[in-house]
Amino acid sequence: MPAGVELRVTEPEDTPTKETTSEKKDSLKPVSEVKIQGPSPEDEAAPSVVKKQRKKGVEQPCGLGCIEISLLQRFNNLFYFMIFYCVLATCQGFVFGLTILSIETFQRDYYLNPFPATALSLSYDISSCLVVPFIANCGRRKSSPKLIALSSFLMGLGSILLAYPYFGKKMKYQPNVEYEQICLQKTIPRFCKQESLFQTYYKAFLVFGQCVEALAAMLLYPIGVVFIDDNLPMHSTGLYLGIMDSSVIFGYALSHIIGSKLVNAPYRNSSVTDDKIKAVEEYWHWRWWISFFTASVITWSLVIPLACFPQNIQGTTKTKGRKRKQSIVAKQFKDVEFKYGIKNVFAAFKILIKRRIFLFLSLSKASETLLIIAITEFLPTYLESQFILTRNVARTLSGVVFFPGGALGLILGGIIVSKLQMNCKNLMRSILVSSCVSVGLLVFIIFIHCDSPRLAGINDDYDGTGQLGSLTAPCNSNCHCSSTIYTPICGRDDAGYFSPCFAGCKRSKASNNSDYTQAYYECSCINAGLTNQDDDGDFIDAKIGGCDAQCYKLPLFLTFIFSTIVFSGFSFIPCSLAIIRSMPDKQRLMALYVSYVMLKIGIIPGLVVFRQIREMTCLFRDDGECGKKGTCWFYSKTKMAHLLIGICFFGKMCTIVFTSIAYKLYKNLQKEVNKMSVTEKTEKTAKVKKKKEEIN
């Protein structure tokens, strides 16, 4: 075949034309009579025509640029796109959760004050608000899969930046206190840590890494939601959005499972010597950076598969046509895309905020998000103080309740919305019903509480020899104890003690008993209670672990809080869909960005207020280091219960109020539309009657 010759096979069209009939005649000729011609000027211009047709919404093949492999076309559907997208969303939730654990560990180990720690956490949300105008401007002009692939690359880059401080940077730890579990009647020297290279690198790269992660998240979620909605029938979007949000929660839960082994630095354990610290410190650092690095490898491996998907995959044209027929809001707002440019983005923000239905639905979603943040902030502390649990057990139970409950609520909410084929009006009704059920469950939670056991120095004054709020008493004044490490023990007087040192215990012995692993002897603060002998005949004064609270209401509380979280998840997907359905097709992306900005604006002060209120309920805080604020070990049970229930109740009432206003506005709007349609019909019938009369 001569160079420059091109053979093309065309699909027969539904309606035959003159050109197609002539082509059919040519195809019936013998091969010897067929003339092979070079490309004509019209054929050379064909690629540009194809590009224009593709931009208009014609379904496109799967490929990367000009490379189109026929074997890959079987993957050109939404099912395979959702697989890659959900893996990416899982990685985003994993990195986000691991970053939060990293900040909490850094705050505790280096005695960072609450305000700087909150500022480090909020760098993600602040960056999200700042990048929205730029992303909203370019997100409407570029291909959605290509932008999601860019998000995958940026997410991997952000993970590398977050991992860099742990890679090859020595902490150069200098012990500030020689921790002792038992009472030693000698003065123990105290030193202050110097600012290490690790701390400097950590703060800088954490902020920079979270800025990159925020940019990736703003490319991932709004653009992904609109792309999924474009390529699905109208009533199928809810299920897919539920799966997407559940993937994020799964990644967040996975980060807590893996990060639970990382939150305890080796020098936080009082039984570890300095020689062992140096041996395991490098391994501890390696486990942190390898977790971030693994996430970056997975996200980078998704860049090419996501970039191969076209803007219009199979079935796009049909689904868009069906959605235009079912759209009601388009009768009120023109389906015109906003103009490009940063100034026009801010003008579009003002226009969308003035639309009251959209405004109140966005406020409803923001209140639901703040409710979820309040539960994640308060639930572990509430379980720890209300049911006398250790910090690790309280965190584990919170994760077991929150993450499966949230994922189950999101998926069930999406299934219910899809199966019942709810319109915008019914979506708001479902939000109101699920919110009212959640409020009812919160009322029952108020009555589930336990009595506090005796804790020396907290709610017990060492049998009248000490003071409430102080762990030091005459019986342990010469022990020089430290409150930096919480090692609870239970004395034979059925009172709990912060550590064996504060109980005045002078000897300890390991035990093979199934009830306890460590026993303590000669405790000067423990004088009452029955004495038991060990195998060697020594009298045991205390055992490792806290005293039994004799409270059996924990399963009941977890059941009610799990149900509350599930019903809160029910309302999240309908709220997101109501925001999308209340806007014309070409304005959905901008509307989602505006709702995200409103959500972040609520999160930034909300997180600061929640943490500040939680600190106000603290009953006892450790000594800290070099004048810095230490960790709070005990919280007021009554105040914590009132705060958790009060904040959840307030958030749910805000959701009900905002959704009710939006529902009322939507009903009024629907009545106006119906009146306009009725008047138009009467006018048309009147015109037809006049024409008939004129003819007659």
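- The protein chain goes by Solute carrier organic anion transporter family member 6A1 in an unreviewed UniProt entry, where it is assigned to Erinaceus europaeus.
- Among the UniProt annotations of the protein chain, the heading Subcellular location (unreviewed entry) holds the following wording: "Cell membrane".
- Quoted verbatim from the Sequence similarities (unreviewed entry) field of the UniProt record, the comment on the protein chain reads "Belongs to the organo anion transporter (TC 2.A.60) family."

**What about the overall build of the protein chain?**
And then number 1: When helices and strands are counted, the protein chain shows 18 helices and 9 strands.
And then number 2: By residue count, 49% of the 696 residues in the protein chain fall in the buried class.
And then number 3: Contacts spanning at least 24 positions in sequence make up 78% of the contacts within the protein chain whose residues lie at least 6 apart.
And then number 4: Put simply, the protein chain shows about 35500 Å² of open surface, and 61% of that area lies on carbon and sulfur atoms.

**A few points about the environment of Gly65**
And then number 1: Here Gly65 shows up in the loop between helix H3 (46-55) and helix H4 (78-109).
And then number 2: C-alpha of Gly65 to C-alpha of Pro310: the two residues are 245 residues apart in sequence and 9.8 Å apart in space.

**Describing unusual backbone geometry**
And then number 1: For Tyr462, which is not a glycine, the phi torsion comes out positive at approximately 55°.
And then number 2: Along the chain, Tyr462 falls in the loop between helix H15 (424-445) and strand S1 (489-491).

**Considering a positive patch on the surface**
And then number 1: A contiguous patch of positive charge, built from Lys681, Lys684, Lys687, Lys690 and Lys691, is present on the exposed surface.
And then number 2: Position of Lys681 relative to the elements: it lies in helix H18 (residues 637-695).
And then number 3: Take Lys681: its relative accessible area is 59%, and that puts it in the exposed class.

**Describing the confidence of the model for the protein chain**
And then number 1: Residues of the protein chain with pLDDT of at least 70 account for 77%, and the chain-wide mean is 77.
And then number 2: Scored below 50 in pLDDT, residues 170-179 makes 35 contacts in the model with residues more than four places away or belonging to other chains.
And then number 3: A low-confidence stretch, residues 266-273 stays under pLDDT 50, and its non-local contacts, those more than four residues away or across chains, total 22 contacts.

**Considerations on the nonpolar core**
And then number 1: Formed by 118 residues in total, the largest nonpolar core has its most connected members in Phe81, Leu383 and Phe557.
And then number 2: Ignoring anything within four residues of it in the chain, the contact list for Phe81 reads Ile148, Phe227, Ile228, Leu306 and Phe309.
And then number 3: Among the nonpolar cores identified, the runner-up in size contains 26 residues, and Leu471, Cys501, Cys505 and Phe620 belong to it.

**With respect to the packing of aromatic side chains**
And then number 1: The tally for this structure, following the rule as stated, stands at 29 aromatic pairs.
And then number 2: Taken together, the ring pairs connect Tyr486, Phe498, Phe502, Phe620, Trp633 and Phe634 into an aromatic cluster.
And then number 3: Between the NZ or CZ atom of Lys365 and the centre of the ring of Tyr596, over which it lies, the distance is 5.2 Å.

**Describing the pattern of salt bridges**
And then number 1: Taken as a whole and assessed by the stated rule, the structure comprises 12 salt bridges.
And then number 2: Each of Asp229, Asp230, Arg581 and Arg588 takes part in a single network of salt bridges with overlapping partners.

**Notes on the state of the cysteines**
Note on terminology: a disulfide is the covalent bond linking the sulfur atoms of two cysteines.
And then number 1: Under the definition given, this model contains 5 disulfides.
And then number 2: Disulfide pairing is shown between Cys475 and Cys525; the S-S distance is 1.9 Å. With the S-S bond torsion at 95°, the cross-link from Cys475 to Cys525 turns out right-handed. Placement of Cys475 in the loop between H15 and S1 and of Cys525 in the loop between strand S4 (518-523) and strand S5 (532-533) is noted, with a sequence separation of 50 residues between them.
And then number 3: The residue that forms a disulfide with Cys618 is Cys632, at a sulfur-sulfur distance of 2.1 Å. Since a negative S-S torsion denotes a left-handed disulfide, the Cys618-Cys632 link at about 110° is right-handed. Here Cys618 is found in strand S8 (residues 618-621), whereas its partner Cys632 is found in strand S9 (residues 632-635), with 14 residues between them in sequence.

**Some points on the packing of helix H13 (residues 356-386) against helix H14 (residues 391-420)**
And then number 1: Viewed as axis vectors pointing N to C, H13 and H14 meet at an angle of 140°, and their least axial separation amounts to 8 Å. In terms of orientation, H13 and H14 fall into the oblique class. For the crossing formed where H13 meets H14, the hand is right-handed. In this structure, H13 uses Ile372, Ile375, Thr376, Leu379, Pro380, Leu383 and Glu384 to contact H14, whose residues at the interface are Arg391, Ala394, Arg395, Leu397, Ser398 and Phe402.
And then number 2: When the residues that make up the contact of H13 with H14 are grouped by side-chain class, the tally is 8 nonpolar, 2 polar and 3 charged.

Analysis parameters
- Residues numbered from 1 in each chain as written.
- Predicted model: local features only at pLDDT ≥ 70, side-chain atom pairs only at ≥ 80, totals over all residues.
- Heavy atoms only, no water.
- UniProt positions renumbered as here; feature names shortened; annotations may be inferred.
- Helix = DSSP H or I, 4+ residues; strand = E, 2+ residues; numbered from the N terminus.
- Buried < 20%, exposed > 50% of the residue type's maximum accessible area, 1.4 Å probe, protein only.
- Contact = heavy atoms within 4.5 Å.
- Areas by Shrake-Rupley, 256 points an atom, 1.4 Å probe, with all protein chains shown as cover.
- Patch = residues over 30% accessible without salt bridge, like charges linked within 9 Å, V, L, I, M, F, W, Y side chains within 5 Å.
- Salt bridge = Lys/Arg side-chain N within 4 Å of Asp/Glu carboxyl O.
- Lys, Arg positive; Asp, Glu negative; His and termini not counted.
- Charge placed at Lys NZ, Arg CZ, Asp CG, Glu CD.
- pLDDT = per-residue confidence, 0-100.
- Core = buried A, V, L, I, M, F, W, Y, C linked by side-chain atoms within 4.5 Å.
- Phe/Tyr/Trp six-rings, centres within 6.5 Å; stacked < 30°, edge-to-face > 60°.
- Lys NZ or Arg CZ within 6 Å of the ring centre and 35° of its normal.
- Disulfide = S-S within 2.5 Å.
- Axes fitted to C-alpha atoms, helices over the stretch in contact; angles between N-to-C directions.
- Parallel < 35°, antiparallel > 145°, perpendicular 65-115°, else oblique.
- Left-handed = near helix turned anticlockwise from the far one by under 90°.
- Nonpolar A, V, L, I, M, F, W, Y, C, P; charged D, E, K, R; others polar.

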